[in-house]
Amino acid sequence: MIPELGHFALILALCMALLLASVPLLGTFTRTPAWVALARPLAWAQFVFLAVAFAVLTHAFLVDDFSVLYVANHGNTKLPEIYKISAVWGAHEGSLLLWALILGGWTMAVSLFARNLSEEMQARVLSVMGMVSIGFLSFLLFTSNPFERIFPVPVEGGELNPLLQDPGLAIHPPMLYMGYVGMSVAFSFAIAALIGGRLDAAWARWSRPWTLVAWMFLTVGIVLGSWWAYNELGWGGWWFWDPVENASLMPWLAGTALVHSLAVTEKRGAFKRWTVLLALLAFSLSLLGTFLVRSGVLTSVHAFASDPARGLFILMFLMLVIGGSLLLYAVRAPEISRGGGFAGVSRESLLLSNNVLLVLMTALVLIGTLAPLLYDALGWGKISVGFPWFNSMLVTFMPLMVVLMGVGPLTRWKQQEPGELVRRLRVALAVSIIAGLAVALPLLGDSWSLGLALGLSLWLLTTLLIGLRLRLRAKGGIGGIWQDFAGRGGRSYYGMWLAHLGVAFFILGITVATQFDIEKDERMSPGQSVELAGYDIRFEGVSVVQGPNYQAERGTLHLSRDGVEFAVLHPEKRVYQVQRKPMTESGVDAGFMRDIYVSLGEPLPNGDWSLRVYYKPLIRWIWFGGLLIAAGGLLAASDPRYRLRHRRGASEGVVPAGGVA
């Protein structure tokens, strides 16, 4: 495959995006069915051309075509094939092509799986997605062409960044981009509804499953990124409040608020204006993350580029998207009805409170991320916003959110009688307070946070069990669980249940792993042992091994307990052949209840080595909880009611009775 084919395919994809953004939309205004009907084939054609371009670039990496500048900079003949493939999206130009491909994939998915929408509504949604594609394809072609040639052709390539030569990075960016780009679907549904002047329960019903799937992918992407950092960076940490990590967290927080707000709009017709703003916010924050990663305004192990011209292009695109969508909102907002009313004690009010907390946390993360950049740009000096700021935010707002998460599902829509709610919650309240105090009081001199975390987790778990008991009683007992699961609204409820259970695991994991880990820096000779949390770690020495494109000094450590050996760890210090960057590969004995983590340091005189050993209790609960949250989102998105209602008519906007998680 010649690179020019890929470049030509990108040009054709841009042409399809231009047509998709204009012709079907004009058809909805002029009532021209033939123009409206072009939306689907244009969406398919755009995706096909993007897939061809991506295949051409992948082929160039696999055959080591160093006549392509991007391949010459980031490919290498000695790269394992898995990393040749992941190198396609391992730097700026290729990752942007992956973004465009995924956006084309989402666009085609809407054209295929949302056929139950009215023709006009689907055409508007696809046209808005075409407008977004125009921005990214123009960015690719005019500032970041991945098919640019180089002459003379180098004999060898510059190699993929050694930090990215990890299996986790082969799947982390695609998952993250599926979430980032997926937020454009919710954005497009909101803009399409504003253009059509029709924001009702049907719009929320159409939009919610797409938003849940995008949010699920974003959750998985963040979890994978945290797991990668823990294993690859050699620090033993799982989250560093890095600006690029924050860039993924902000749309996730806004997306979390959005999926809950859509539930209220679908069920009660309330929060319409708020829900639209959240859809605009979630996608705008995704674009902001793109700007931060690719503009060069920050330094991060995750950053892709440092070209101010590219940053200016994205900034202008971001301003156009935000400004245009807010202008449309301002024009249409007076026409949006207020929806159903609700009392101060109701599920709506609790969901609104949780939404406000999520948006407030998003704003604080945004301030903490951008403040150092703004101070520097305005000449006010240098400031650093780190762990104390973000951790204090988490400790302040997380307990309030968890309390509301426990109360909300047990509260009635529209109005809840307070006495009945207290009776439902008294067991959960008693269990969480007693358990929390039982753990916290002995630790007052050390750390009370474990008691708080245990109390909150048990509060959440107990309220979930109470809600499940009440639901099963209404469905005829445990025997009705499958019928409930297969029926309308069932999967949405159990998805909520699973996601909230994941939050309980996450809270306990983050607290115990942070407060009760043990770290030791040791100078060790071959044959020497160190004791760590009741485990014996014996250092056998270091040998030199040759990898496919690196040379490593590999340590050997034997783990035993009570005289019984159960694991051998091999942490490494690698030096890659091209970039000559020393990299640390940790050795981890993973377990559901704890990790033993070893990082190889520097060689010392007399054959000794410096080693850092960690005991990480419940660290896996953090990622297990995140995966449960993602699984809950996917389960809720699969609820049959989204398909059944569409078949009954996508345009009537009637919401039948039934619980919405």
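Everything quoted here is computed from the prediction, not taken from an experiment.

S.K.: Please provide a residue-by-residue account of the pairing of strand β4 (residues 550-561), values included.
M.R.: The sheet contact formed by strand β3 (residues 535-546) and β4 spans 10 bridges and is antiparallel. When the bridges of β4 are listed, V545 appears paired with A552. In textbook terms, the turn of a hairpin is the stretch between consecutive antiparallel strands, and for β3 and β4 this stretch comprises 3 residues. Across 5 bridges, the pairing between β4 and strand β6 (residues 572-576) is antiparallel. Residue pairing for β6: E553 is matched across the bridge by K573. Pairing between β4 and strand β5 (residues 564-569): 5 bridges, direction antiparallel. Considered in β5, the bridge of R561 is made with V564.

S.K.: Kindly report on the packing of aromatic side chains, identifying the contributing residues and their values.
M.R.: Under the defined criterion, the tally for this structure stands at 25 aromatic pairs. An angle of 65° between the planes, with centres 5.8 Å apart, marks the rings of Y535 and F566 as edge-to-face. Placement of the pair is Y535 in strand β3 and F566 in strand β5, with a sequence separation of 31 residues. For F566, a relative accessible area of 36% puts it in the partly exposed group. Taken together, a centroid distance of 6.3 Å and an interplanar angle of 35° make the contact between Y535 and Y615 tilted. Highlighted residues: Y535 in strand β3 and Y615 in strand β10 (residues 609-617), separated in sequence by 80 residues. Each member of the pair, Y535 as well as Y615, is classed as buried. Cluster of aromatic residues (ring-pair linked, three or more members): W99, F136, Y177, Y180 and F317. Stacked on the ring of Y535, the Lys or Arg R561 has its end atom at 4.5 Å from the ring centre.

S.K.: Describe the environment of R310, listing the residues and the values that go with them.
M.R.: Mapping R310 onto the fold places it in helix α12 (residues 308-332). For R310 and F291, which are 19 residues apart along the polypeptide, the C-alpha to C-alpha distance reads 8.6 Å.

S.K.: Which residues make up the domain arrangement of the protein, and what values do they have?
M.R.: Under the domain assignment, the protein is made up of domain 1 (1-161), domain 2 (166-337 + 351-405) and domain 3 (520-620). Placing the centre of domain 1 and that of domain 2 at their C-alpha centroids yields a distance of 23 Å. Listed by partner, the interface residues are 34 residues for domain 1 and 38 residues for domain 2. Where domain 1 abuts domain 2, roughly 3,100 Å² becomes buried across the two surfaces, and 82% of that area is made up of carbon and sulfur atoms. The largest share of the area that domain 1 buries against domain 2 comes from H92, W99 and W106, three residues that together contribute 24% of it. Counting the contacts that link domain 1 with domain 2 gives 0 salt bridges. Scanning the region where domain 1 abuts domain 2 turns up 1 residue pair in polar contact (both at pLDDT 80 or more). Looking at the side of domain 1 that touches domain 2, the elements with two or more residues in it are α1 (3-30), α5 (81-86), α6 (92-113) and α7 (119-143).

S.K.: Lay out the nonpolar core in plain terms, naming residues and giving numbers.
M.R.: Within the largest apolar cluster, 176 residues are counted, with the highest numbers of intra-cluster contacts made by L10, W106, M121, L137, F189 and W203. Residue contributions to this core peak at 18 residues, all from helix α9 (residues 201-232). The residues touching M121, leaving out its near neighbours within four places in the chain, are F189, A192, A193, W203 and W206. In this structure, M524, L532, I537 and L600 belong to the second largest nonpolar core, which totals 17 residues.

S.K.: Let's hear about the side chain of K573: which residues, and what values?
M.R.: Along the chain, the position of K573 falls in strand β6. Separated by 3.2 Å, the side chains of K573 and E602 make a polar contact. Beyond its immediate sequence surroundings of up to four residues, K573 is in contact with Q551, A552, E553, M583, T584, L600, G601 and E602.

S.K.: For the packing of helix α3 (residues 39-62) against α6, give the residues involved together with the corresponding values.
M.R.: As a packed pair, α3 and α6 sit with axes 9 Å apart at the nearest point and diverge in direction by 150°. Classified by the interaxial angle, the pair formed by α3 and α6 is roughly antiparallel. The two elements α3 and α6 cross, and the hand of that crossing is left-handed. Side by side, α3 and α6 meet where R40, A43, W44, Q46, F47, L50, A51, A53, F54 and L57 of the first sit next to G94, L97, L98, A100, L101, G104, G105, T107, M108, S111 and L112 of the second. Grouping the amino acids of the contact of α3 with α6 by side-chain chemistry returns 14 nonpolar, 6 polar and 1 charged.

S.K.: Explain the confidence of the model for the protein residue by residue, including any values.
M.R.: This prediction gives the protein a mean pLDDT of 86; 93% of its residues lie at or above 70. Least confident of the elements in the protein is helix α20 (residues 640-648), whose mean pLDDT is 59; most confident is α3, at 96. Here residues 300-305 is modelled with pLDDT under 50, and outside its nearest four sequence neighbours on either side it reaches 26 contacts, counting other chains as well. Low confidence marks residues 645-661, where pLDDT is under 50. Its contacts with residues over four positions away, or in another chain, come to 48 contacts.

S.K.: Tell me what's going on with the environment of S86, and back it up with residues and numbers.
M.R.: Note on placement: S86 falls in helix α5. With 88 residues separating them along the chain, S86 and P174 place their C-alpha atoms 9.7 Å apart. Excluding residues within four positions of it along the chain, S86 makes contact with L160, L169 and A170.

S.K.: Kindly report on the packing of α9 against helix α19 (residues 619-637), identifying the contributing residues and their values.
M.R.: Packing of α9 against α19 leaves a shortest axis separation of 8 Å and a crossing angle of 165°. By the angle between their axes, α9 is roughly antiparallel relative to α19. Regarding α9 and α19, the two cross each other, and that crossing is left-handed. Contacts between α9 and α19 involve P209, L212, V213, W215, M216, T219, V220, V223, S226, W227 and Y230 from the former and I619, R620, W623, G626, L627, I629, A630, G633, L634, A636 and A637 from the latter.

The rules behind these values
Every chain is numbered on its own, with residues counted from 1 as its sequence reads. Predicted model: local features are reported for residues with pLDDT of at least 70 only, side-chain atom pairs are reported and counted for 80 or more only, and whole-chain, interface and lining totals are derived from all residues. Calculation of side-chain values draws on the structure's entire complement of heavy atoms; hydrogens and water are dropped beforehand. Any two strands with at least two DSSP-identified bridges between them are counted as paired. Runs of H or I in DSSP of at least four residues are treated as helices and runs of E of at least two as strands, each being numbered from the N terminus. Here is the rule: rings of Phe, Tyr and Trp (six-membered ring for Trp) pair when centre to centre is within 6.5 Å. Planes less than 30 degrees apart are stacked, more than 60 are edge-to-face, and the remainder are tilted. Buried means the residue's accessible area, taken with a 1.4 Å probe over protein chains only, is under 20% of the maximum for its type, while exposed means over 50%, and partly exposed covers the values in between. For a Lys NZ or an Arg CZ to count as sitting over a ring, it must be within 6 Å of the ring centre and within 35 degrees of the ring normal. Domain limits in this description derive from either an automatic procedure or a database domain assignment. Any two residues having at least one pair of non-hydrogen atoms within 4.5 Å are treated as being in contact. Reported buried area values correspond to the accessible surface (1.4 Å probe) lost by two parts on association, with both partners' losses combined. What counts as a salt bridge is simple: a side-chain nitrogen of Lys or Arg found within 4 Å of a carboxyl oxygen of Asp or Glu. We call two N or O atoms a polar contact when they sit within 3.5 Å, provided that within protein one can donate a hydrogen and the other can accept it, with sequence-adjacent residues counted only if both atoms are side-chain atoms. Nonpolar core, defined: a set of buried Ala, Val, Leu, Ile, Met, Phe, Trp, Tyr and Cys residues in which side-chain atoms within 4.5 Å join the residues together. To define axes, lines are fitted to C-alpha atoms, for helices over the stretch in contact only, and angles between the resulting N-to-C directions are given on a 0 to 180 degree scale. We call two directions roughly parallel when the angle between them is under 35 degrees, roughly antiparallel when it is over 145, roughly perpendicular when it lies between 65 and 115, and oblique otherwise. Crossing handedness follows the turn of the near helix against the far one: under a right angle anticlockwise gives a left-handed crossing, and clockwise gives a right-handed one. Amino acid classes used here: Ala, Val, Leu, Ile, Met, Phe, Trp, Tyr, Cys and Pro are nonpolar; Asp, Glu, Lys and Arg are charged; the rest, including Gly, are polar. What pLDDT reports is the predictor's confidence in each residue, on a scale of 0 through 100.

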